[in-house]
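Remarks on the overall topology
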Amino acid sequence: MISLLYVDDEPALLDVCRLFLEQEGDISVVTVSSVGEALTRMVSEKFDAIISDYQMPEIDGIAFLRSVRSQYPEIPFILFTGRGREEVVIEAINSGADSYVQKGGDPRAQFKELSHLIRQIVRRRKAENELRLMKFSVDHASEGIIWMRENGEIAYYNDAICSMLGYTLHEFTRLSVLDIIRPGFTAASFASGWTRVSARTSATIEEILKKKDGTLLPVEVVLNYNELGSESLMFAFIRDISERRHSEQELKEAFRQLMITEEGLRQQFEELKKSDYAIREIQQRYQMLSEETEDWIWESTPDGRFTGSSAQVQDILGYTQKEMAGKTFEDFMAPEDVARGGSAFADILAKKEAFQSLTLHEVRRDGQKVTIVVNGFPVFSRDGIFSGFYGFARLVPSENLPVDAYPACVPGYRSVLDQAGDAIFVVDVQTGMLLDANQKALLLVNRTLPEIQAMPALALRPAGEDGQDLDPFRYQSPENSAVFEDVVVDRDGNRIPVIVSTKMLQLGERQIRIGIYHDISDLLAIQNTLQEKTWELDRFFTTGPDLLCIIDTEGRLLRLNPAGEALLGCPTQDRQVQSLFDVVHPDDCAATRTLFQHMNRGGEAATFVNRVKRPDGVCLWLEWRAFMSGKKRIYAVARDITEQRKVEQALAEANRTLNLLSDLTRHDIRNKLTVLTGYLDLFRKCPAEPYFSMYTERINEMVAAIAVQVEFTRVYQNLGTIAPGWYNVDRLFSRACTQTNVTPCAVYSEPDGWEIFTDPLVERVLSSLVDNAIRHATTLTEIRRRAYETPEGLVITVEDNGVGIAQENKERIFRKESGKFTGYSHSLFLAREILAITGLTIRETGRAGKGACFEILVPKGTYRAVVPAPEEPSEPVSSPHFISPPHHNHTI
């Protein structure tokens with residue numbers, strides 16, 4: 001309905017104009033006699049167009065026009081002026097009037113012209129507004145849009161593609177497709193691609209575009225081929241997928257880092273094993289020392305002052321290890337030997353070389369003289385700095401020396417310690433004191449050997465922590481080696497995480513424990529980083545809205561995120577799906593399996609589409625993006641495109657049905673026009689009775705039939721133009737009944753709460769079924785609609801208790817040629833076609849003589865249950881009062 005505001009100072013003309021314009025029923029006229037009143041009405045009411053006289057008191061039509069244009073620039077304005085006022089018309093057009101009509105002449109023709117002009121201008125303005133909105137939407141879309149010609153010329157582009165590639169709108173005007181596509185893409189490549197897409201009408205590809213600065217941009221392009229008259233055009237919808245590619249690369253890089261970390265951990269483990277082998281070697285040497293030697297093991301400064309001695313020194317010289325500290329071999333020589341042997345020994349030390357079998361005469365604490373044989377070896381730091389000697393001294397037995405057991409010692413002991421790859425500490429089990437440490441140990445805790453030898457083992461542990469008094473060296477079982485993680489502190493109190501491997505040794509009556517300390521600071525840092533990255537990946541994996549999974553080349557699901565479990569219908573606590581191929585549609589299994597088996601390791605990610613069938617029977621379309629890692633694992637992401645596929649298939653089916661409908665309509669109207677032409681020819685030849693009445697009646701019938709066909713096309717003209725949607729079955733049936741005179745019978749519908757995904761014209765299908773029953777079931781008293789679920793899907797039935805349909809006609813009523821024996825309509829044939837748009841089927845299952853029963857099967861995935869209102873008794877649907885549509889048959 002067009003709402004029109006008519007302003008004129010002549011009341012009679014206002015009434016006449018309103019009557020003429022409202023005759024056809026599609027124009028509603030509001031009349032006012034002044035511009036002031038018009039402006040007031042425009043504030044509170046909305047009008048589709050304005051008609052105004054020119055010459056009016058106070059404010060004329062031109063001033064009114066200018067006022068309207070300043071406040072309502074889009075509303076159509078027609079000036080209704082008298083004859084001979086061309087200058088007024090010119091001024092009106094210049095001021096923004098859409099058109100004008102001159103008063104005078106035949107009123108009927110004048111108002112006919114005015115009504116036609118109103119409709120035309122309103123439609124045009126509406127179309128302009130819609131076009132403007134559409135252009136604004138396209139120009140300001142977030143994705144790039146291009147229309148291109150067959151020669152690569154760009155016919156149209158929006159702002160987004162310019163911003164995407166870094167061009168201004170003016171710069172982009174001079175470009176062609178070949179200017180913005182990846183290097184190496186030639187005109188021949190473009191022509192080949194054009195041919196392939198035009199053959200399929202549409203395609204989705206991934207391409208690389210070249211930006212203004214020369215960098216490359218990965219995009220996803222949706223292409224659609226179209227012909228406008230004689231010109232061929234291609235529409236391209238372009239989406240930037242650089243972020244998606246970046247995410248994929250990050251995922252690959254994270255996986256690569258995970259593999260590197262895993263390799264690093266393996267190498268750390270191998271090094272730890274080597275360290276364990278070293279401690280075993282030391283343990284064996286210490287064991288040999290304890291069993292086979294009675295020598296005194298000593299260490300000294302470069303000038304020969306003892307910094308360490310084994311316990312055997314007390315058996316040889318009678319002094320304790322502590323008493324020996326800071327002394328030299330000269331301090332224990334007999335006075336008569338000092339002058340002779342002391343200077344010779346000093347010369348030997350000054351050479352900083354190894355010496356062997358040096359015989360010295362020493363005096364014990366008790367004054368007894370003993371002879372010892374000394375062997376010594378120089379000690380150098382890692383930097384080559386001379387730091388002293390270590391060696392061993394052996395007692396030369398004599399008649400005056402009591403024979404005792406000497407502590408064990410093994411030559412080369414210090415060399416073994418310092419060549420070990422990890423820190424080594426030696427602890428006296430009885431006292432808990434540190435006896436020795438190698439160079440790696442001294443560097444680990446930043447201390448000297450004398451400092452170490454003066455410390456208890458507990459001093460290596462952090463102060464003030466629980467369990468510090470439980471010295472692992474002292475309380476470990478001697479029967480077994482111990483390996484555990486611990487923390488030591490250096491001189492500055494820095495905490496150093498280590499893995500400790502210890503072993504108890506029995507040296508005569510003395511117990512010592514050797515501990516190898518492996519610094520794992522770097523390892524823990526790697527582990528922490530790995531845990532953080534793993535947590536981030538796990539969070540991304542578990543919270544992602546799309547299906548994310550890890551599978552092997554055989555399709556076994558190694559991991560599936562919650563969104564994937566929900567999508568595939570297989571929760572973790574009760575997973576029925578162990579392999580992806582358990583849910584892949586049978587028709588897609590072979591292709592999917594082949595793609596997995598031929599996927600390149602570490603290669604490009606593959607994109608493919610397949611169907612899955614959930615355990616509950618619902619079939620879904622999924623779009624996949626997957627790549628294979630180096631361990632034959634496939635990392636994949638999938639999103640549900642079922643709704644998109646349904647809409648695409650429904651629109652394709654609707655186009656097919658529309659073509660079929662056009663064919664039917666042209667065929668029927670052509671036949672009727674042929675009959676009508678024949679009767680008119682007979683009418684001209686035989687005007688007398690009874691032929692006049694007979695031919696007139698036939699002509700009227702044909703005209704009525706053509707009118708029915710035209711009405712029929714009007715009803716179905718929107719088929720496929722509106723996307724399918726979800727509709728409540730009970731409400732659809734109720735509305736369908738209001739379109740048919742159901743007064744002769746009772747109609748029942750169960751309020752079951754089912755909704756179906758289908759074309760909006762499904763209401764016409766139900767209306768046709770009800771109309772069919774009313775017209776042809778002569779004994780009809782009741783029509784009933786109900787719905788129930790089966791393994792195949794949802795079944796909707798519309799049944800009556802009329803005469804039913806003969807067995808031989810149950811399928812015939814749905815055929816294209818059914819009109820030849822059922823009347824002029826093809827409604828049941830078209831009903832089946834409408835339902836097929838979204839995969840629904842219809843059949844007749846009633847019994848002849850008992851009533852007709854039409855069953856509509858809705859496949860799984862295209863229906864759903866909503867919570868119904870509290871149940872009420874099923875009552876007949878009351879029939880509204882309306883005029884019945886033209887009578888025409890639907891079926892037998």
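Scroll up for the structure.
Attention in this report is confined to the structure presented alongside it. Note that the structure is predicted; figures quoted are calculated from it, not measured.

**Things to note about the sheet that holds strand β6 (residues 144-149)**
Strand order in the open sheet formed by five strands is β7-β6-β10-β9-β8, with antiparallel pairing between adjacent strands. Both edges of this open sheet fall to β7 (154-157) and β8 (202-210), since each of them pairs with a single strand only. Each adjacent strand pair in this sheet contributes to an overall mean axis angle of 30°, direction not counted. In terms of strand pairing, strand β9 (residues 216-228) meets strand β10 (residues 231-240) through 10 bridges, oriented antiparallel. Counterpart to Leu228 in the pairing with β10 is Glu231. Across the face of the sheet, helix α9 (residues 187-200) comes into contact with β6, β8, β9 and β10 while running at roughly 95° to β10.

**Details of the environment of Pro302**
Tracing the sequence through the fold places Pro302 in the loop between β11 (296-300) and β12 (306-309). The exposure class assigned to Pro302 is partly exposed, which follows from its relative accessible area of 37%. Between the alpha carbons of Pro302 and Val379 there is a distance of 9.0 Å; along the sequence they are 77 residues apart. Setting aside residues up to four positions removed in sequence, Pro302 forms contacts with Leu349, Phe386, Ser387, Gly388 and Phe389.

**Some details on the pattern of salt bridges**
Under the defined criterion, the tally for this structure stands at 44 salt bridges. Among the ionic pairs, Asp730 bridges to Arg785, the shortest N-O distance being 3.4 Å. Of this pair, Asp730 sits in helix α23 (residues 729-738) while Arg785 sits in strand β29 (residues 782-790); the two residues are 55 residues apart in sequence, bridging distant segments of the chain. The same class applies to Asp730 and to Arg785, which are both buried. Among the ionic pairs, Glu763 bridges to Arg735, the shortest N-O distance being 3.0 Å. Here Glu763 is found in helix α24 (residues 762-776), whereas its partner Arg735 is found in helix α23, with 28 residues between them in sequence.

Calculation notes
Residues numbered from 1 in each chain as written. Predicted model: local features only at pLDDT ≥ 70, side-chain atom pairs only at ≥ 80, totals over all residues. Heavy atoms only, no water. Pairing = 2+ DSSP bridges. Helix = DSSP H or I, 4+ residues; strand = E, 2+ residues; numbered from the N terminus. Axes fitted to C-alpha atoms, helices over the stretch in contact; angles between N-to-C directions. Contact = heavy atoms within 4.5 Å. Buried < 20%, exposed > 50% of the residue type's maximum accessible area, 1.4 Å probe, protein only. Salt bridge = Lys/Arg side-chain N within 4 Å of Asp/Glu carboxyl O.

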